Amino acid sequence: MNKDLTAGKPEAVLWSFCLPLFGSILFQQLYNIADSLVAGKFIGENALAAVGNRYEITLIFIAFAFGCNMGCSVIVSQLFGAREYGRLKTAVSTACIFSALLCVTLMLTGLLGCGPLLRLIRTPEELMPDSMLYLSIYIWGLPFVFFYNIATGIFTALGDSRTPFYFLAVSSTSNIAVDILFVKAFHMGVAGVAWATFLCQGVSCILAVLTVLLRLRKIPVPNQKKPPFFDGRLLKKILIIAIPSILQQSFISVGNILIQSVINGFGASVMAGYSASVKLNNLVITSFTTIGNGISNFSAQNLGARKYDRIRECFQAGIKMVWCLCVPFCLLYLFFGKYLLLLFMEEGSAAALETGRQFLWILSPFYFVVSAKLVADGILRGISAMEQFMTATFTDLILRVVLAFVLSGLTGSAVGIWCAWPIGWTTATMLSIFFYRKKFQEISRPYSP
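Enquirer: Hey, could you run me through the overall build of the protein in this one?
Expert: Regarding its fold elements, the protein presents 15 helices and 0 strands. Relative to the compact-globule value of 22 Å for 449 residues, the protein shows a C-alpha radius of gyration of 21 Å, a close match. Principal-axis analysis of the C-alpha atoms places the extent of the protein at approximately 65 × 45 × 35 Å. The burial tally for the protein puts 60% of its 449 residues in the buried class. For the protein, long-range pairs separated by at least 24 residues make up 85% of all intrachain contacts whose partners lie at least 6 apart in sequence. A total accessible area of about 17,700 Å² is found for the protein, and carbon and sulfur atoms account for 69% of it.

Enquirer: How should I be thinking about the nonpolar core in this particular structure?
Expert: Taken as a class, soluble globular proteins show a tendency for nonpolar side chains to be buried jointly. Counting residues in each nonpolar core, the largest one holds 132 residues, and the members touching the most others are Leu88, Phe288, Tyr333, Ile417, Trp418 and Trp421. Here this core takes 16 residues from helix 10 (residues 268-304), the largest share from any one element. Residues within four places of phenylalanine 288 in sequence aside, it is in contact with Val322, Leu325, Cys326, Tyr367, Val370, Ser371 and Leu374. If you look at the next biggest cluster of nonpolar residues, it comprises 12 residues, including Val38, Ala47, Ile137 and Val183.

Enquirer: Would you explain the packing of aromatic side chains in this entry?
Expert: Any two aromatic rings considered together are summarised by their centre-to-centre distance and by the angle between their planes. A complete count under the given rule lists 18 aromatic pairs for this structure. Taking the centre distance of 4.4 Å and the plane angle of 20° together, the rings of phenylalanine 315 and tyrosine 436 count as stacked. With a gap of 121 residues between them, phenylalanine 315 in helix 11 (residues 308-341) and tyrosine 436 in helix 15 (residues 415-444) connect regions that are remote in the sequence. You'll find phenylalanine 315 and tyrosine 436 in the same group, each marked buried. The interplanar angle of 55° and the centroid separation of 5.7 Å between the aromatic rings of phenylalanine 434 and phenylalanine 435 together place this pair among those described as tilted.

Enquirer: Sorry if this is basic, but what is going on with empty space enclosed by the protein here?
Expert: The rolling of a water-molecule-sized probe over the atoms marks out the regions of remaining empty space. Per the stated rule, a full pass over the model turns up 2 cavities of 30 Å³ or more. Volume-wise, the second largest cavity comes out at about 60 Å³. Along the walls of the second largest cavity sit Tyr134, Ile137, Tyr138, Gly141, Ala194, Thr197, Phe198 and Gln201, which together make up its complete lining. Listed by contribution, the elements that provide at least two residues to the lining of the second largest cavity are helix 5 (128-140) and helix 8 (190-217). Take the lining of the second largest cavity: its biggest share by element is 4 residues, from helix 8. Residue classes in the lining of the second largest cavity are distributed as 5 nonpolar, 3 polar and no charged.

Enquirer: How should the environment of tyrosine 134 be read in this particular structure?
Expert: The topology assignment puts tyrosine 134 in helix 5. Residue classification places tyrosine 134 among the buried residues on the basis of a relative accessible area of 3%. With 83 residues separating them along the chain, tyrosine 134 and arginine 217 place their C-alpha atoms 38 Å apart.

Enquirer: Explain the state of the cysteines to me, please; I cannot follow it from the model alone.
Expert: A disulfide bridge is the covalent bond that connects two cysteines by way of their sulfur atoms. All chains considered together, the criterion is met by 0 disulfides. Cysteine 18 forms no disulfide, and the closest cysteine sulfur to it belongs to cysteine 314, at a distance of 7.3 Å. Considering cysteine sulfurs only, cysteine 103 is the nearest to cysteine 205, which forms no disulfide, with 9.5 Å between them.

Enquirer: What should I look at first to understand the layout of surface pockets in this one?
Expert: The computed volume of the largest pocket comes to approximately 470 Å³. Together, 22 residues line the largest pocket, and Lys89, Ser93, Leu213, Leu216 and Phe229 are the ones closest to its centre. For the lining of the largest pocket, the secondary structure elements donating two or more residues are helix 4 (85-120), helix 6 (142-157) and helix 8. Ranked by residue count, the leading element in the lining of the largest pocket is helix 8, at 5 residues. Approximately 290 Å³ is the volume attributed to the second largest pocket. Taken together, 16 residues form the lining of the second largest pocket, with Gln78, Lys237, Leu303, Gly304 and Ser384 sitting closest to its centre. Class assignment for the residues of the lining of the second largest pocket results in 9 nonpolar, 3 polar and 4 charged.

Enquirer: Got a minute to help me understand the pattern of salt bridges in this structure?
Expert: Where charged atoms of side chains with opposite charge meet at close range, the side chains can pair. What the rule picks out here adds up to 8 salt bridges. The salt bridge involving aspartate 160 is made with arginine 215; its shortest N-O contact spans 2.8 Å. Of this pair, aspartate 160 sits in the loop between helix 6 and helix 7 (162-185) while arginine 215 sits in helix 8, placing them 55 residues apart in sequence. Each member of the pair aspartate 160 and arginine 215 is classed as buried. Arginine 312 is the salt-bridge partner of aspartate 309, the closest N and O atoms lying 3.5 Å from each other. Here aspartate 309 pairs with arginine 312, and both are found in helix 11, just 3 residues apart, close to one helical turn.

Enquirer: What should I look at first to understand unusual backbone geometry in this one?
Expert: Glycine aside, residues mostly have negative phi, and peptide bonds are mostly found in the trans state. The backbone of arginine 83 sits at a positive phi, close to 65°, despite the residue not being glycine. Here arginine 83 falls in the partly exposed class, since its relative accessible area comes to 39%. Residues other than glycine seldom take positive phi values, yet arginine 306 does so here, at roughly 60°.

Definitions and limits used
- Residues numbered from 1 in each chain as written.
- Predicted model: local features only at pLDDT ≥ 70, side-chain atom pairs only at ≥ 80, totals over all residues.
- Heavy atoms only, no water.
- Helix = DSSP H or I, 4+ residues; strand = E, 2+ residues; numbered from the N terminus.
- Rg over C-alpha atoms; globule rule 2.2 N^0.38 Å.
- Buried < 20%, exposed > 50% of the residue type's maximum accessible area, 1.4 Å probe, protein only.
- Contact = heavy atoms within 4.5 Å.
- Areas by Shrake-Rupley, 256 points an atom, 1.4 Å probe, with all protein chains shown as cover.
- Core = buried A, V, L, I, M, F, W, Y, C linked by side-chain atoms within 4.5 Å.
- Phe/Tyr/Trp six-rings, centres within 6.5 Å; stacked < 30°, edge-to-face > 60°.
- 1 Å grid on protein atoms, 1.4 Å probe; cavity = no way out; pocket = protein on both sides within 12 Å on 5 of 7 lines; lining within 4 Å.
- Points joined across faces, edges and corners; volume = space filled by probe spheres on them.
- Nonpolar A, V, L, I, M, F, W, Y, C, P; charged D, E, K, R; others polar.
- Disulfide = S-S within 2.5 Å.
- Salt bridge = Lys/Arg side-chain N within 4 Å of Asp/Glu carboxyl O.

So this is what it looks like as structure tokens:
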């Protein structure tokens, strides 16, 4: 159901809107967690390492899908807030055309280049066949990834965060069952894990797109005039949001691939430990990012309606929300990290287990810092302040990549790599909050009483 985010108490509206998004991302992360869990428990440590090894490469493709999601979502949010329903529908169809062309290009590139990419990150030879197999199947499913992201972006732009939650809840739980079925009953190995994800994402995508089409048909258009199917000016506005978002996620993925190459130099056990712990870490970071995306939709609708005070209240409410999530995650990882890691590996993998524990111990206290950055980033993106958004993001990335190489060399262990995260997060958070405050003053000043 569509919801106007420009009315009602901002904090209550934001909580109501973002909580289903948080639930959605928990189920979204079950896709990756289930793959690693089944691979580690039912196939072996090398399978866990192979599934984790391809992860940073798939994040590049997800970066493009995410960029299309955000470009469409922010512009549709602004048009929905401004009550320009005809242009809203044109923006949706324009975004779909662009996304389809981009998806085909990425599929061709990925199918031809997945081998060189895996070699670039120094994938051990014993892991290469399984890594190649999983990655190839994943690439064939890219259309599902792209159009599902477009559909969820439209839902949230219209103020509906519950429908994506329902789709993901069913899809991700089904994925766990199909993972186990393909691996245990059909003995398909890593291919079974990949095909399970392919099938479940495909069904979810088709249902989501059909629901979006039905939802858009119910939105009235002034004068009953059929809106254009494509608009170059709207595409430009979408790209202003989409390209920086794509670059942000892509460069983060490239940076993570470089970091993965350093990690791979420490052997399969460290790779497996990192693969397990980074899934737990990504669950937290992606949760914060998803709330930030909801904040972008809230900010964009209120920007379209010129209700600037609500954007400031949104920042304050967003900080409260993410810090409420930080407390349980931080305590859980600090005191029960070992037991969570054991979901992915056997007790005998001592080196892998210790690697994962070190990673979680070093990073989890800094969730309070990076979560504040992602709230500020959400507002910057919602009000189209993409230059500032990109500056803070690249600062974080560059610091983490450079320090991963430097500190791992100085310490002679993977601990040096983990220490790069808090430094990058802290520096970038200070920048994001500074940019948010400065930009808010700029957009609100002409309309201040």
